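Fold and geometry: a report
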Amino acid sequence: MCGINGIFAYHYAANPVDQRELLRSRDHMSPRGPDGAGLWLSDDERIGFGHRRLAIIDLSDAAAQPMRTNDGRFTVTFNGEIYNYRELRSELEAKGRVFTSHSDTEVLLHLYAERGADMTNALRGMFAFSIWDEIRRTLFLARDPYGIKPLYYVDDGWTFRFASQVKALIAGGAIARDPEPAGLVGFYLLGSVPEPFTIYAGVRCLPAGATMVVDRTGAQEPRAYHSIPDTYALPPRMLVGVQASAQIASALRDSVARHLVADVPVGAFLSAGVDSGALVGLMRDAGASEIKTTTVTFEEFRKKAQDEGPLAGEIARRYGTDHECRLVTRAEFKSDLPRIIEAMDQPSIDGINTWFVAKAAHERGLKVAVSGLGGDELFGGYPSFRDIPRWVRMLSLPSRLPLAGAAMRQLAMRIIGKLGVNPKAAGLLELGGSWAGAYLLKRGLYMPWELEQVLDRDLVETGLRRLQPLELIGKAMTPRPTSGFGCVASLEASLYMRNQLLRDTDWASMAHSLEVRVPLVDSVLLSQCAPLSANLENGAGKRILASAPTQPLPEAVVSRSKTGFTTPLEQWMREQPRHRDRYDANVETASKPWARTWSRQVAANAFG
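Each chain has its residues counted from 1, following the order in which its sequence is written. At least 70 in pLDDT is required for a residue's local features to be given in this predicted model, at least 80 for side-chain atom pairs to be given and counted, and no such filter applies to totals for whole chains, interfaces and linings, which use all residues. In computing side-chain values, all of the structure's heavy atoms are included and hydrogens and water are not.

From N to C terminus, the protein includes 25 helices and 18 strands. A compact globule built from 608 residues should have a C-alpha radius of gyration of about 25 Å, and the protein, at 24 Å, falls within 12% of that. C-alpha atoms of the protein, sized along the principal axes, occupy 70 × 60 × 55 Å. In this scheme, a residue with accessible area under 20% of its type's maximum is buried, one over 50% is exposed, and one in between is partly exposed, where area comes from a 1.4 Å probe on protein chains only. Among the 608 residues that make up the protein, the fraction classed as buried is 60%. Note on contacts: a residue pair qualifies if any of its non-hydrogen atoms lie within 4.5 Å across the two residues. Considering only residue pairs separated by 6 or more positions, the protein has 72% of its internal contacts joining residues 24 or more positions apart. In this tally Asp and Glu are treated as negative and Lys and Arg as positive; neither His nor the chain ends contributes. Just so you know, the charge point we use is NZ for Lys, CZ for Arg, CG for Asp and CD for Glu. A distance of 4 Å separates the average location of the 71 positive side-chain charges in the protein from that of its 69 negative side-chain charges. By the criteria applied, helices consist of DSSP H or I runs no shorter than four residues and strands consist of E runs no shorter than two, each listed in order from the N terminus. The globule rule is 2.2 Å times the number of residues to the power 0.38, and the radius of gyration it is compared with is taken over C-alpha atoms.

With that settled, consider the pattern of salt bridges. Between Lys or Arg on one side and Asp or Glu on the other, a salt bridge is scored when a side-chain nitrogen of the former is within 4 Å of a carboxyl oxygen of the latter. Across all of its chains, the model carries 39 salt bridges by this definition. Among the ionic pairs, Asp 27 bridges to Arg 26, the shortest N-O distance being 2.8 Å. The salt bridge involving Asp 322 is made with Arg 364; its shortest N-O contact spans 3.1 Å. Taken together, the positions of Asp 322 in strand 16 (residues 322-328) and Arg 364 in the loop between helix 11 (352-363) and strand 17 (368-370) put the pair 42 residues apart, joining distant regions of the chain. Where salt bridges share partners, they join Glu 87, Arg 124, Asp 254, Arg 258 and Asp 522 into one cluster.

All right, on to the confidence of the model for the protein then. pLDDT: the predictor's confidence for each residue, scored from 0 to 100. For the protein, mean pLDDT is 93; residues scoring 70 or higher make up 96% of the total. This model gives residues 580-588 a pLDDT under 50, and the stretch forms 16 contacts once residues within four places in sequence are excluded.

Before going further, it helps to examine the sheet that holds strand 9 (residues 160-163). One open sheet accounts for six strands, arranged 2-3-1-9-8-10; its pairing is antiparallel. The sheet is open, and its two edges are formed by strand 2 (36-41) and strand 10 (204-205), each paired on a single side. Strand pairing requires that DSSP identify at least two bridges connecting the strands. As defined by bridge partners, strand 1 (residues 2-8) adjoins strand 3 (residues 47-53) across seven bridges and the pair is classed as antiparallel. When the sheet's bridge partners are listed, Asn 5 is paired in strand 3 with Gly 50.

Take the environment of Ala 171 next. Looking at the secondary structure, you find Ala 171 in helix 4 (residues 166-171). Given the relative accessible area of 26%, Ala 171 is considered partly exposed. It is 6.1 Å that separates the C-alpha atoms of Ala 171 and Arg 24, two residues lying 147 residues apart in sequence.

Turning next to helix 13 (residues 384-395). Expected span of a helix, by definition, is 1.5 Å for each gap between consecutive residues, and there is one gap fewer than residues. An ideal rise of 1.5 Å per residue puts 16 Å on twelve residues; helix 13 measures up with 16 Å between its terminal C-alpha atoms. Among the residues of helix 13, those classed as buried are Ser 384, Phe 385, Asp 387, Ile 388, Pro 389, Trp 391, Val 392 and Leu 395. In this fold, the buried residues of helix 13 make contact with helix 12 (375-379), helix 15 (428-431), helix 16 (435-443) and helix 19 (484-510).

Attention now goes to the side chain of Glu 21. Summarising the element assignment, Glu 21 is placed in helix 1 (residues 19-27). Glu 21 sits in the buried class, given a relative accessible area of 6%.

Burial analysis of helix 5 (residues 181-190) places ten of its ten residues in the buried class, which makes it a mostly covered element. Within the sequence span of helix 5, burial applies to Pro 181, Ala 182, Gly 183, Leu 184, Val 185, Gly 186, Phe 187, Tyr 188, Leu 189 and Leu 190. Residue Gly 191 follows helix 5 closely and has a positive phi angle near 85°.

With that out of the way, let us pick up the UniProt feature "binding site: L-glutamine" (unreviewed entry) in the protein. UniProt positions are given in the numbering used here, feature names are shortened, and annotations may be inferred rather than shown by experiment. With numbering matched to this structure, UniProt assigns "binding site: L-glutamine" (unreviewed entry) to Asp 104. Among the structural elements, Asp 104 can be located in helix 3 (residues 104-115). Setting aside residues no more than four positions away along its own chain, Asp 104 makes contact with Ile 57, Phe 78, Gly 80, Glu 81, Ile 82 and Tyr 85. For the purposes of these results, a polar contact is taken to be a pair of N or O atoms within 3.5 Å, where, inside protein, one atom must be able to donate a hydrogen and its partner to accept one; residues adjacent in sequence count only when each atom of the pair is a side-chain atom. Here Ile 82 takes part through its backbone nitrogen, which lies 3.0 Å from a polar atom of the side chain of Asp 104.

This is the structure in structure tokens:
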């Protein structure tokens with residue numbers, strides 16, 4: 001896991017690459033790569049790459065980046081891990097390819113030389129990289145299927161720039177900081193900025209599962225090579241019961257084993273939930289020994305349902321891990337808050353929990369930790385898997401009555417505050433009858449008609465016109481999955497997980513020089529589980545996951561009510577002296593969601 005950046009002055013009249021800009025952008029990402037820094041500039045100074053290294057596979061200097069082929073034709077700068085690199089290397093060596101390192105990075109170079117852009121179909125891992133072809137004078141960029149690793153770019157018509165972080169591009173000094181209305185509106189609608197937009201008008205995100213080519217004519221449109229809804233649109237397999245369980249368990253064991261490839265110890269985040277606990281059990285089954293597991297707890301949650309400590313400790317004892325339960329206090333949160341805001345690459349209402357567990361893992365000397373992120377999207381762990389299909393079923397007919405939904409909303413908005421319910425409820429009839437509308441209701445922070453409470457009217461109009469939120473959500477389930485489960489799974493994985501959970505995990509962990517691996521966010525695992533998931537009973541997927549280790553999780557973990565991986569953020573913020581008055585007057589109720597208050601704080605502090 002690393003930080004990458006580059007500049008390509010593709011237009012003949014563009015200025016040569018400014019090495020100082022390249023260095024400023026690269027070194028803004030120093031925490032992402034404390035083990036080394038590299039820079040490559042072509043002889044004609046038309047293209048340059050930067051790299052910050054967190055050494056995980058092949059710790060020697062032979063694996064340093066940017067890396068070039070011996071003949072100098074191809075140069076790569078790479079962030080991520082390729083879990084099947086050893087098999088790919090064997091195939092390439094059989095074709096006569098000669099390697100000088102034991103890294104997965106060098107496999108990318110030779111694989112591109114053999115297969116070109118089609119190489120992405122052979123990769124299993126998390127990645128964002130760029131390869132320069134000196135003969136064809138083309139720049140090739142690629143991002144992994146789920147979008148675990150970020151990759152941002154700017155094209156001003158003369159020069160193309162890219163980096164692992166939006167703030168790294170800004171730090172280079174050549175990028176305008178004009179706000180992107182669609183990014184701001186998207187943040188207040190969903191709690192995170194939906195790709196391909198960012199918070200800045202000129203900066204775009206390379207979509208997950210896509211590649212891009214830049215040549216002397218400029219950047220071509222991104223080209224998709226993988227799609228989550230495509231996977232859920234395939235015909236379901238009719239395996240049920242023991243056969244389905246056995247196949248899913250086998251796929252889980254394979255994914256976890258693949259995610260343990262490293263030349264440094266691999267630890268794990270451990271909560272009281274099924275996902276992380278089962279992964280630790282599967283790590284043990286895969287041969288991992290001396291596993292360091294880390295749990296964070298909070299004094300405010302002691303002896304409450306949110307306290308992860310006791311059950312996490314029981315799981316750790318069951319699998320014999322070297323376990324630490326790390327207490328996080330309000331004082332530590334207050335001390336860390338400026339660093340959290342600084343590290344937050346784009347505004348988000350989440351990520352605080354990952355910040356502290358990554359910090360605790362780093363303090364224990366870990367460079368890699370496994371996370372259970374993705375289990376809820378893969379096995380239907382969210383209430384959305386129950387609520388959204390039900391809303392669509394109940395409201396699809398009444399929501400079609402012309403103007404009925406808008407009229408009902410106008411009426412409901414007059415009384416909803418007095419009823420003490422969430423203001424989003426006013427839009428139930430207007431939005432709840434469609435999949436996209438129901439998802440916006442379920443995951444939305446503000447509704448479109450509420451945005452003028454936090455943003456200028458003109459900005460709201462422009463942002464909504466550019467973002468087209470319902471169309472954007474609809475694309476996340478196109479082509480249409482064959483089941484209601486598949487529809488919700490596609491939406492959650494393509495929107496909430498990709499734009500919020502994975503992005504937050506990236507900035508919050510990399511700020512502590514920690515690589516987080518997510519075995520439940522794996523395209524091969526998805527292809528094996530998706531055809532079976534539609535036939536599983538509610539909750540069956542999580543039970544299969546809990547039973548997948550040779551020594552299954554205890555029943556107390558399996559039957560525990562879902563609480564999510566939460567922090568006492570609301571209470572901490574309310575207790576800060578400079579916020580006390582404001583927050584005492586805004587104690588969370590259903591009609592005054594806490595996350596809305598926090599979103600305004602994030603936007604004002606980080607991007608105001």
